[in-house]
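Coordinates in review
Single-letter residue listing:
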Amino acid sequence: MGWTLTTSLDDFRSAAGEFLAADPVENTVLLTILDRLTRDGLHVYGEQPPRFGWWHGPDGAVAGACLRTPPYGPRLGRMPVAAAEELARRLAADGERPDMVAGEHGTTLAFAAEWHRTTGVNWHLERNERLFRLGELTPPPAPPAGRSRLAAPADRETVARWLVDFCVEAEVRPPGDPFADTDQRIAAETLVLWETEDQRVVALAGASPAVAGMSRIGPVYTPPADRGHGYASALTAAATVHAKSRGADEVLLYTDLSNPVSNAIYQRLGYRPVNDAAEVAFK
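Calculation rules
- Residues numbered from 1 in each chain as written.
- Predicted model: local features only at pLDDT ≥ 70, side-chain atom pairs only at ≥ 80, totals over all residues.
- Heavy atoms only, no water.
- Core = buried A, V, L, I, M, F, W, Y, C linked by side-chain atoms within 4.5 Å.
- Buried < 20%, exposed > 50% of the residue type's maximum accessible area, 1.4 Å probe, protein only.
- Helix = DSSP H or I, 4+ residues; strand = E, 2+ residues; numbered from the N terminus.
- Contact = heavy atoms within 4.5 Å.
- Salt bridge = Lys/Arg side-chain N within 4 Å of Asp/Glu carboxyl O.

Glancing now at the nonpolar core. Counting residues in hydrophobic clusters, the biggest one holds 24 residues, and the most contacted among them are W194, I217, L235, V251, Y266 and Y271. Going through the elements one at a time, strand 6 (123-134), strand 8 (191-195), strand 9 (201-207), strand 10 (214-221), helix 7 (231-245), strand 11 (250-256) and helix 8 (260-268) are the ones with two or more residues in this core. Counting residues per element, this core draws most heavily on helix 7, which supplies seven residues. With residues near it in sequence (within four places) discarded, V251 still touches F132, R133, L134, S215, I217, T240, A243, K244 and Y271.

Shown next as structure tokens:
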């Protein structure tokens, strides 16, 4: 019983891969990060190596998992509250000092509370999110004129700018090298654009490659000047179709609970709530 931490991607996949794949919805973020690390290299998120962990329950079976890709903080997969608290104590003892942690709402807050008890560092709730799963897709009844298409190398500058703009607006850390990030996403065919009839690109949506039968939509971004025309709804539906065409049985997405507009849009498209997630910042 307890945590095993490592910088070996192979060891993590060997020990925790079956556990993660058994619940691809709850472990969606860990699975998509692992897929990207495998595809684009261990330093795709930053110069420091990722750190991985898995937790053995009382019966000896893996019952929890987490990972960290610096400069980002730990991401918690499915785990009991006791495992989250133990992880906070273990990371503090190892000298880790993350500036944030994210995951399922209850376990993330348990980690944060134990981190405060162990280190004295204060925390606050940075973001409340909700995980949605596609039921039956219901495309917009009157989509805007135009079409969806995959992002291509010729879209590189626009896509890189929009990915940064999305991160700034969402108040999340942007990629260290937006152009490298864009090139990798375009090569993997994970970005879909909406193009008007006059061939003007007006919106972007991501759809992660299918892993363990699961794909996650995001980011979804429309520049402010082009909002209010239904582009995001139409493109999210198109990205969903794209994800399913590439083998996804489950299509998921996260929404910021402070944005009622996007929450309503996704539910009209057929997405249904699964559970809530949280991002906590430490100070």
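For the rest of this paragraph, the subject is the side chain of T107. Its place among the elements puts T107 in helix 4 (residues 105-119). A residue is classified by how much of its surface remains accessible, and T107, at 5% relative accessible area, is buried. When residues no more than four places from it in sequence are discounted, the contact partners of T107 are L76, M79, P80, V81 and A84.

Our focus in this paragraph is the pattern of salt bridges. The tally for this structure, following the rule as stated, stands at 23 salt bridges. The closest approach of N and O atoms between D181 and R36, which form a salt bridge, is 2.7 Å. One end of the pair, D181, is in helix 6 (residues 178-187); the other, R36, is in helix 2 (residues 28-40), with 145 residues separating them in the sequence. What makes R36 buried here is its relative accessible area of 8%. The closest approach of N and O atoms between R51 and D94, which form a salt bridge, is 2.9 Å. Here D94 lies in the loop between helix 3 (81-93) and strand 5 (100-104) and R51 lies in strand 2 (residues 51-56), a separation of 43 residues in the sequence. Residue R51 is classed as partly exposed on the basis of its relative accessible area, which comes to 22%. A single salt-bridge network, built from bridges that share partners, covers D35, R36, R39, D40, D181 and R185.

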